[in-house]
Amino acid sequence: MKYSSLVDIYEKIEATSKRLEKTYYISELLKKTVEKDIPTIMLLIRGRLFPDWNKSKIGVASKLVLKAINTSSGAGISTIETMWKEIGDLGLVAEKVISNKSQSTLFSQDLSVEKMFSNLRKLVTMEGSGSVDRKTQLIAELLSSAKPKEAKYIVRTVLEDLRVGIGDGTMRDAITWAFLPVKVDFDFEKISIEVDREEYNNSANIVQSAYDKSNDFSRVAIAAKKGVSELEKISLIPGNPIKVMLAQKVLSIDEGFERVGEPAMIEYKYDGFRMQIHKFSEQIKILTRRLEDITKQFPEVVAYVKNHVEGKSFIIDCEAVGFDSKTEKYLVFQHISQRIRRKYDIENLAKKLPVELNVFDVLFYNGENLLDTPLVKRRALLEKIVREEKFKIIVSKKIVTSNKSDALKFYEDSVSKGNEGVMLKSLNSPYKPGSRVGFMVKLKSSMDTLDLVIVGAEWGEGKRSGWLTSFTLACIDDNGNFLEIGKVGTGVKEKAEEGLSFGELTEMLKPHIKQEKGREVVIKPEIVLEIKFEEIQASPTYSSGYALRFPRVIQARDDRMPEECSTLEMVQKEFEGQKKQ
Ligand code: ATP
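Residues numbered from 1 in each chain as written. Predicted model: local features only at pLDDT ≥ 70, side-chain atom pairs only at ≥ 80, totals over all residues. Heavy atoms only, no water.

Draft legend 1. The arrangement of the layout of surface pockets in detail. Roughly 1,200 Å³ of internal volume is contained in the second largest pocket. Taken together, the elements giving at least two residues each to the lining of the second largest pocket come down to helix H6 (90-102), helix H9 (148-158), helix H16 (333-341), helix H20 (502-509) and strand E17 (513-517). For the lining of the second largest pocket, a count of residues per class yields 14 nonpolar, nine polar and 20 charged. Counting contributing residues per domain, the lining of the second largest pocket is built from domain 1 (246-444) and domain 2 (449-580), each supplying no fewer than three. (1 Å grid on protein atoms, 1.4 Å probe; cavity = no way out; pocket = protein on both sides within 12 Å on 5 of 7 lines; lining within 4 Å. Points joined across faces, edges and corners; volume = space filled by probe spheres on them. Helix = DSSP H or I, 4+ residues; strand = E, 2+ residues; numbered from the N terminus. Nonpolar A, V, L, I, M, F, W, Y, C, P; charged D, E, K, R; others polar. Domains from an automatic or database assignment.)

Draft legend 2. Structural view of the pattern of salt bridges. Throughout the structure, instances matching the rule amount to 57 salt bridges. The residue Asp110 makes a salt bridge to Lys147 at a minimum N-O spacing of 3.1 Å. One end of the pair, Asp110, is in the loop between H6 and helix H7 (113-125); the other, Lys147, is in the loop between helix H8 (131-144) and H9, and 37 residues separate them in sequence. Note that Arg379 and Glu383 form a salt bridge whose closest N and O atoms lie 2.7 Å from each other. On the criterion of helical spacing, the pair formed by Arg379 and Glu383 is a turn pair, its members being four residues apart in helix H18 (residues 375-385). Looking at Arg379, the relative accessible area reads 6%, which means it is buried. Relative accessible area serves as the criterion here: at 39%, Glu383 is assigned to the partly exposed category. (Salt bridge = Lys/Arg side-chain N within 4 Å of Asp/Glu carboxyl O. Buried < 20%, exposed > 50% of the residue type's maximum accessible area, 1.4 Å probe, protein only.)

Draft legend 3. Layout of the domain arrangement of the protein chain. For the protein chain, the assigned domains are domain 1 (246-444) and domain 2 (449-580). Taken over both partners, the interface formed by domain 1 and domain 2 buries close to 1,200 Å², and the fraction arising from carbon and sulfur atoms is 43%. It is Arg289, Arg290 and Arg341 in domain 1 that bury the most area against domain 2; as a group they hold 55% of the surface buried on that side. Here domain 1 and domain 2 share five salt bridges between them. When the shortest N-O distance is used, the salt bridge between Lys249 and Glu574 registers 3.8 Å. Seen at the junction of domain 1 and domain 2, the total is three residue pairs in polar contact (both at pLDDT 80 or more). A per-element tally of the side of domain 1 that touches domain 2 places H16 first, with five residues. (Buried area = accessible area lost by both parts, 1.4 Å probe. Polar contact = N/O pair within 3.5 Å; in protein donor to acceptor, adjacent residues only side chain to side chain.)

Rendered as structure tokens:
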């Protein structure tokens, strides 16, 4: 397929904010796409090179792209920089620069989707000396044969910032419209669809379920094209990460019972971090909740799983909790968060900051997918296959009850042991990857914090020069837009020994700098911080309509994807809650 055909669709999708219209364009594109191109199209349509479960990044800095635009167009670096400052989107700059050039040059040949994709994939693997030049060359080569609109999307794709706003739901529906045997009449005038709702929901659920198991829309689309029976054959594959199930929040035991039903399974809510652990072909793989592979950082956990969990292949869901080996007391998450990031001296750090693995679910066991198996049965299996040993691996502590005072006592026990509270779980529920469906809810004791994404910062002055300071924070709305809610500097330390430091945070943010204007820096939403505050106030200053009073950084939430930060709805709820108190 020609890249220009894909670009036409990008343009249409970008021009509308209506989800149904976007779905229509993608479904029409899918119908026209030959089978061999489907995997590439499913990825490129969202500006990606890998399926959701693969966290490889292109990781090319804006400066390098700027040089590539310069090489391919002949426009001066300073001219490009000035335009970039004015326009704010390097993709639009590339479009403009290339269109100026086009008056004098004839385009050589059409760029194909395959060529685009294979060149981008090469960027990911280039390393070592001379790789910066080779990367620049490769991008310049793509831009040289690009038409202006193509240049815009090449640059945005390379920078992993496509800006077309296509969510998982849109992808699922586009596949349903394109390939499932359900009649969907799309009314272009009214932007509405006419369908038999029940039939439609059944079809969309089949697609969703295939996606839940594979985490890969390319695989789902190819199967869907072949027929429903192929879709239904898609199963979990140990080794391929799947999204973790999330919990809704409740404010009391009563509300918890109301949500999950009685009796409920109630478990300690451990204050550590999530680990999804796979065993396959004698290999162990440990993933964070954002599905990053952290196997190398936790050699002791690999050993616990190998030696204490019976089974040839499985996927288990766990919380790793830090403890002090001298006092044998559990530690809050902040203490061990550095273990996720640390890439050297791992054995020593593992001794200094050991973790205990608390296993609470099993999703796949010896060839069998257990997502639809009721929780009580999954739990019974778990208790059979895990050989517990304190401070190494245990099954999460639980009771099953419908008695409120037993539940309250269990909650108090949990909190007195230093845990965050309890989880209440629905006994017969399936495991729903990636969603906060309410099959499990959390009841916490501590004051709430928000998880907010850094979208901007300022270069410091004086003794803080060289560091980014004063971080602009954002929450996310339903359409995936990041909305500003305030600035924070308090809580970040001068010295690395004292906790999350300016130096460390600056290094984390540098690769995501999009643009700089004097001391002001615009940052791609990537890094999530947990923020404590005195109060939320209504405020016209920030795009969310809210501001935080006395915000303070607690820690970096390395285990959170930017899309998983606190939502505008959560902020609103918190704001309303304050008024009631
Ligand atoms: P929080 O910030 O409250 O930990 P979160 O937004 O990171 O929540 P949620 O899904 O809302 O994540 O809360 C559930 C989290 O609690 C899980 O992701 C998991 O890491 C942790 N957890 C601790 N103990 C358990 C347990 N027994 N069962 C399930 N999850 C548990």
